[in-house]
Amino acid sequence: MAHRLTIGLTGGIGSGKSAASACFERLGICVVDADVVAREVVEPNTQALADIAQHFGPAIIQPDGTLDRAQLRQLIFADPSQKAWLEALLHPIINQRLKEQLTNAQSAYVVFVSPLLLETTQHQLTDRILVIDCPPESQVARAALRDNIAPAQIEAIMATQLSRTERLARAQDVLHNHGSLDDLEVQVGKLHQRYLALSSRLD
Ligand code: ADP
């Protein structure tokens, strides 16, 4: 196979990216998740974690050996130059790992899920953009319930993400997640048939 069809799945916080990813996985499709990879590259005993500790001081590592994400978030929030330093360290490592996982995926096509697919260069790794969309009120309600945080905090995160209109304008395919999870599963099943047909043309 010359090239494996790569579907880029994105959507705002709480829109249902993980729920849709699970549907694709149940159909036997490999899912590469940018959030998962971003956590993996700073797991205990990684070079990146050692570099972070050297830069920010050993207190950034918790007694159990894991990164103190809350502290790191505060440090980079307070100082854009520190944020830039961290991104310069991590982005190349994350992108390399993402490329490896996309290359190694063994299903007919692969789904690459990322909240920042369209905001970063990550969309360049994909052939088609699939946006999962739902009304903002549902996004806030679902994410607040899932993460047990205040709706205002979800809204603050949403304000940093692409608007619903901007995101939809860049979609080739859309999942409408305003109904039940069963309804979402049905929509993913239909897209799956379309993607199988598209991927067989690439063979
Ligand atoms: P994202 O990964 O985009 O942040 P999730 O897939 O985690 O969003 O969905 C947010 C929360 O809403 C999760 O707890 C999920 O189970 C729930 N959820 C997602 N879609 C639906 C739906 N159609 N009906 C009910 N709950 C949903």
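All residue numbers here refer to positions counted from 1 along the written sequence of the relevant chain. Local features in this predicted model are restricted to residues whose pLDDT is 70 or higher, and side-chain atom pairs enter the listing and the counts only when it is 80 or higher, whereas totals over whole chains, interfaces and linings include all residues. Each side-chain value is worked out from all heavy atoms of the structure, with water and hydrogens disregarded.

## Some points on the pattern of salt bridges
Within this document, salt bridges are pairs made up of a side-chain nitrogen of Lys or Arg and a carboxyl oxygen of Asp or Glu, the two lying within 4 Å of each other. Tallied over the entire structure, the rule returns 7 salt bridges. Through salt bridges with shared partners, a single network forms among Arg-128, Asp-173 and Arg-194.

## Quick word on the packing of helix 4 (residues 69–78) against helix 5 (residues 80–104)
Each axis is a line fitted through C-alpha atoms, taken for helices only over the stretch in contact, and angles between the N-to-C directions span 0 to 180 degrees. Comment: elements are numbered from the N terminus, with helices defined as DSSP H or I runs of at least four residues and strands as E runs of at least two. Where helix 4 meets helix 5, the axes come as close as 5 Å, and the angle between the chain directions of the two elements is 120 degrees. The orientation of helix 4 with respect to helix 5, classified from their angle, is oblique. Together, Leu-72, Leu-75, Ile-76 and Ala-78 of helix 4 and Pro-80, Gln-82, Lys-83 and Leu-86 of helix 5 make up the contact between the two elements. Class assignment of the residues belonging to the contact of helix 4 with helix 5 gives a composition of 6 nonpolar, 1 polar and 1 charged. An angle below 35 degrees is read as roughly parallel, one above 145 as roughly antiparallel, one from 65 to 115 as roughly perpendicular, and any other as oblique. Two residues form a contact once any of their heavy atoms are found within 4.5 Å. In this classification, Asp, Glu, Lys and Arg are treated as charged, Ala, Val, Leu, Ile, Met, Phe, Trp, Tyr, Cys and Pro as nonpolar, and every other residue, Gly included, as polar.

## Points about empty space enclosed by the protein
Cavities and pockets are defined on a 1 Å grid built over the protein atoms alone: a cavity is a set of grid points where a 1.4 Å probe fits but cannot escape, while a pocket is an open set with protein on both sides within 12 Å along at least five of seven lines, and lining residues are those with an atom within 4 Å of any such point. Grid points are joined across faces, edges and corners, and a volume is the space filled by probe spheres set on the points. Under the criterion given, the structure shown has 1 cavity of 30 Å³ or more. Every residue lining the largest cavity is listed: Gly-12, Ser-15, Ile-132, Asp-133, Cys-134, Gln-139, Arg-164 and Arg-167. When contributions to the lining of the largest cavity are tallied by element, the ones reaching two or more residues are strand 4 (128–133) and helix 8 (164–169). Tallied by class, the residues present in the lining of the largest cavity amount to 2 nonpolar, 3 polar and 3 charged.

## Here's the deal with the nonpolar core
Side chains that are nonpolar tend, in soluble globular proteins, to be buried together. By convention a nonpolar core is built from buried Ala, Val, Leu, Ile, Met, Phe, Trp, Tyr and Cys residues, the set being connected through side-chain atoms within 4.5 Å. For every residue, the accessible area (1.4 Å probe, protein chains only) is compared with the maximum for its type, and the residue is labelled buried under 20%, exposed over 50%, or partly exposed between those bounds. One finds Ile-52, Leu-72 and Leu-90 to be the most contacted residues of the largest nonpolar core, which totals 28 residues. Of all the elements in the fold, those that place two or more residues in this core are helix 2 (34–40), helix 3 (47–56), helix 4, helix 5, strand 3 (109–113) and strand 4. Mapping this core onto the domain boundaries places at least three of its residues in each of domain 1 (1–29 + 107–197) and domain 2 (41–98). Once residues lying within four places of it in the same chain are set aside, the contact partners of Ile-52 are Val-42, Gly-57, Ile-60, Leu-67, Leu-72, Trp-85, Leu-86, Leu-89 and Leu-90. Domain segmentation is taken from an automatic or database assignment of domains.

## Structural notes on unusual backbone geometry
Positive phi is not limited to glycine here, since Asn-45 has a value of about 70 degrees. Within the secondary structure, Asn-45 sits in the loop between helix 2 and helix 3. The class for Asn-45 is exposed, based on a relative accessible area of 81%. The phi dihedral of Asn-148 falls on the positive side, at around 55 degrees, and the residue is not glycine. Tracing the backbone shows Asn-148 in the loop between helix 6 (136–147) and helix 7 (151–160).

## Structural notes on the side chain of Ser-21
Structurally, Ser-21 is set in helix 1 (residues 17–26). What Ser-21 contacts, discounting residues up to four positions off in sequence, is Leu-9, Val-31 and Val-113.

## Side note on the layout of surface pockets
In this structure, the largest pocket occupies an estimated 2200 Å³ of space. In terms of lining residues, the largest pocket is bounded by 50 residues, among which Asp-35, Arg-73, Pro-115, Leu-116 and Ile-157 are the most central. With 7 residues, the top contributor of residues to the lining of the largest pocket is helix 5. When the residues that make up the lining of the largest pocket are grouped by side-chain class, the tally is 20 nonpolar, 18 polar and 12 charged. Counting the residues that make up the lining of the largest pocket, at least three belong to each of domain 1 (1–29 + 107–197) and domain 2 (41–98).

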